[in-house]
Amino acid sequence: MSSLESRNPADLSDLVTTVTTASSAEVCAAAASAHAAQPGWAEVPAPARGRVIAQVGRLVEANKDALAALVTREVGKPYREALGEVQEVIDTCDFFLGEGRRLYGQTVPSEMADKQLFTYREPVGTAFIITAANFPAAVPSWYLVPALLCGNCVVWKPSETAPAVSAALTDLFRAGGVPEHVLQTVVAEGQQTYDGLEAALGKGLVQKIGFTGSTDVGRRIGELAGRHLQSACLELGGKNPMVVMPDADLDLAVEGALFGGFGTAGQRCTSLGTLWAHEDVADELLSRYVAAIEQAAIGDPVQDVLYGPMISPAYLDRHEKNLGLVTDRHRVHGSSGTGRITTANPRAGFVGDPDAGVFAHPTIVEGVRPGDALYDTETFGPLVGFGRFSSLDEALELANGHGYGLSASIYTTSPESVWRFRAGVGAGMVSVNNSTSGAEAHLPFGGNGRSGNGSRQSGLWVLDQFTRWQAVNWDWSGRLQKAQMDVADLPYDAAFRLAT
Ligand code: UN1
């Protein structure tokens, strides 16, 4: 147990909140009380749980400005983007409120007479959800809303970097009618979370894990879940490629690469990793991209900027370490410096006071290719690689070669390139003439390979994470009819051929 301060990353003198983190025993205790509350919550009819989700959605809508302002203050996301993030919570509630009235099962014909087959979706039990700081409201809602709607209880372990937003979101769920033990928010540090979760799994208190974060931690969570024969929904890192073909609209591609690479200061799992340009347009694309980022407004997230500060000083530190992956062979573009923006290391046109917070220069690294650490390291900051290719096949190899497979984008006007790219790329999400980031809240979200274990969030698809199918058969024949053995014999003339 320790006390943590959450500070505004745009103005470190602004203390947002202080939290006491939970011990592993407290983490486990939260799972125990969620587990005890779960049968009661599952008995609430699904349409009534859907009403609760509707109420949460209306309250988030009524508090949209306040919640977005808190997101901006606590993690430095520009206010307009923070409004978008809160809208994603509302959209998620809007989608799932009706699902309470569907949550369909099926009727299935039996292979025998006087027998009927059915399927039911059953809640899994208690879901343990671990989320990151970069989307402190939207991504948690992707888990919490469907998990609760399906009749599960939830222990939510939000990022220690965003405790104020997670407290506000929890209050909104409570005010919307989610009972106290049904959703429990526990702020804890990594090791205590792991130990508490391990203990809870050992006692049979947790039946589902949701984790959004790094690939390394995801592996540990996946191993832990597997040891206890539970499945984890893992939403991990990305090294998201954008491929620009010679027939692309280059201005559109630059706009997409600007938002994808530098929006949210590059701190999205869907952020652009490497911009791959066809050799015929590479020089032109690079010069337009560099011009666009040199002119972009960076700074105070309350004002109209492309991006604000790093999420916290720790995120800035990691970004500065990643700059160490740039080698002599690379060329760096994008700003008047690299690393932290300060009065001594200024950025022309900076909006606000750079020394007050943790702001970073945008960096484009030209000359990235396989074998470079930058080719396959997720950098999670305002750092975009730039490389060249000469054919679509080569672009596909570059897009897939690092083993991540979250989001991938292609800019082209050729339908053939679109379809070949879609079929050849290993990513779970593909954008055509659109940025790698900015997925809509009701399409399946998730990745493959180093980006996740194939689980999908959002829309109908996430229901398979938070329910398990129960298969029911009902035989009213009055005798034991054995499947595969007591089925009717339907003879046919196997030797029959048409006369020729
Ligand atoms: C994340 O960074 O974990 O598609 C999620 C997007 C956002 C969600 C990103 N809607 O960029």
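None of these values were measured; they are calculated from a predicted model.

Chemist: Looking at this structure, how should I read the site of the ligand?
Modeler: In the vicinity of the ligand, the contacting residues are Asn134, Phe135, Val139, Thr212, Arg268, Cys269, Thr270, Ser437, Gly438 and Ala439. Considered class by class, the residues forming the shell around the ligand number 4 nonpolar, 5 polar and 1 charged. Residues from two domains meet in the shell around the ligand; each of domain 1 (3–236 + 452–472) and domain 2 (240–440) gives at least three.

Chemist: What should I look at first to understand the nonpolar core in this one?
Modeler: Side chains that are nonpolar tend, in soluble globular proteins, to be buried together. Of all hydrophobic cores here, the largest spans 135 residues; its most connected members are Ala31, Leu144, Leu148, Val154, Val244, Leu275 and Trp276. Ranked by residue count, the leading element in this core is helix H5 (residues 138–149), at 9 residues. Two domains each donate at least three residues to this core, and these are domain 1 (3–236 + 452–472) and domain 2 (240–440).

Chemist: Hey, could you run me through the domain arrangement of the protein in this one?
Modeler: Frequently, the measure chosen for interface size is the accessible area removed from exposure when the parts meet. Splitting the protein by domain gives domain 1 (3–236 + 452–472) and domain 2 (240–440). One C-alpha centre belongs to domain 1, the other to domain 2; they are set 30 Å apart. Counting residues per element, the ones that place at least two in the side of domain 1 that touches domain 2 are helix H3 (64–75) and helix H4 (79–102). Tallied by class, the residues present in the side of domain 1 that touches domain 2 amount to 7 nonpolar, 4 polar and 4 charged.

Chemist: Just to check I follow, could you spell out helix H6 (residues 163–175) for this structure?
Modeler: Along its 13 residues, H6 runs 18 Å from first to last C-alpha, staying within 8% of the 18 Å computed at 1.5 Å per residue. Taken together, the buried positions of H6 are occupied by Pro163, Ala164, Val165, Ser166, Ala168, Leu169, Leu172 and Phe173. Elements that come into contact with the buried residues of H6 comprise strand E1 (3–7), strand E2 (15–20), helix H2 (46–62), H3, H5 and strand E7 (183–185). At the C-terminal side of H6, Gly177 shows a positive phi close to 115 degrees.

Chemist: Would you take a moment to explain unusual backbone geometry for this structure?
Modeler: Excluding glycine, residues mostly carry a negative phi; peptide bonds, for their part, are mostly trans. Phi angles above zero are rare outside glycine, and Leu103 is one such case at about 35 degrees. Mapped onto the elements, Leu103 comes out in the loop between H4 and strand E3 (106–109). You will see that Ser458, though not glycine, has its phi angle at about 75 degrees, which is positive. Note on placement: Ser458 falls in the loop between strand E18 (448–449) and helix H15 (463–466).

Chemist: Explain the sheet that holds strand E14 (residues 383–389) to me, please; I cannot follow it from the model alone.
Modeler: Each strand in a sheet pairs with its neighbour through backbone hydrogen bonds, running either in the same direction (parallel) or in the opposite one (antiparallel). One open sheet holds the 7 strands; their spatial order is E12-E13-E14-E11-E10-E16-E17, and the pairing between them is mixed. Since the sheet does not close on itself, it has two edges, and those belong to strand E12 (331–333) and strand E17 (429–432), each with one partner. Taking each pair of neighbouring strands and ignoring which way they run, the sheet shows an average axis angle of 20 degrees. Relative to E14, strand E13 (residues 363–366) runs parallel, the two being bridged by 4 bridges. Across the sheet, the residue bridging to Val365 is Gly385, located in E14.

Chemist: Would you explain the pairing of strand E16 (residues 407–411) in this entry?
Modeler: Regular strands have side chains that alternate between both faces of the sheet. A large share of E16 lies buried, amounting to 5 of its 5 residues. Side-chain alternation along E16 places Ser407, Ser409 and Tyr411 on one buried face and Ala408 and Ile410 on a second face that is also buried. As paired strands, strand E10 (residues 240–244) and E16 are joined by 3 bridges and run parallel to one another. Bridging from a neighbouring strand, Val243 pairs with Ile410 of E16. Direction of pairing for E16 relative to E17: parallel, over a ladder of 4 bridges.

What counts and what doesn't
- Residues numbered from 1 in each chain as written.
- Predicted model: local features only at pLDDT ≥ 70, side-chain atom pairs only at ≥ 80, totals over all residues.
- Near = placed C-beta within 6 Å.
- Nonpolar A, V, L, I, M, F, W, Y, C, P; charged D, E, K, R; others polar.
- Domains from an automatic or database assignment.
- Core = buried A, V, L, I, M, F, W, Y, C linked by C-beta atoms within 7 Å.
- Buried ≥ 20, exposed ≤ 12 C-beta atoms within 10 Å, placed from the backbone.
- Helix = DSSP H or I, 4+ residues; strand = E, 2+ residues; numbered from the N terminus.
- Expected span 1.5 Å × (residues − 1).
- Contact = placed C-beta atoms within 7 Å.
- Pairing = 2+ DSSP bridges.
- Axes fitted to C-alpha atoms, helices over the stretch in contact; angles between N-to-C directions.

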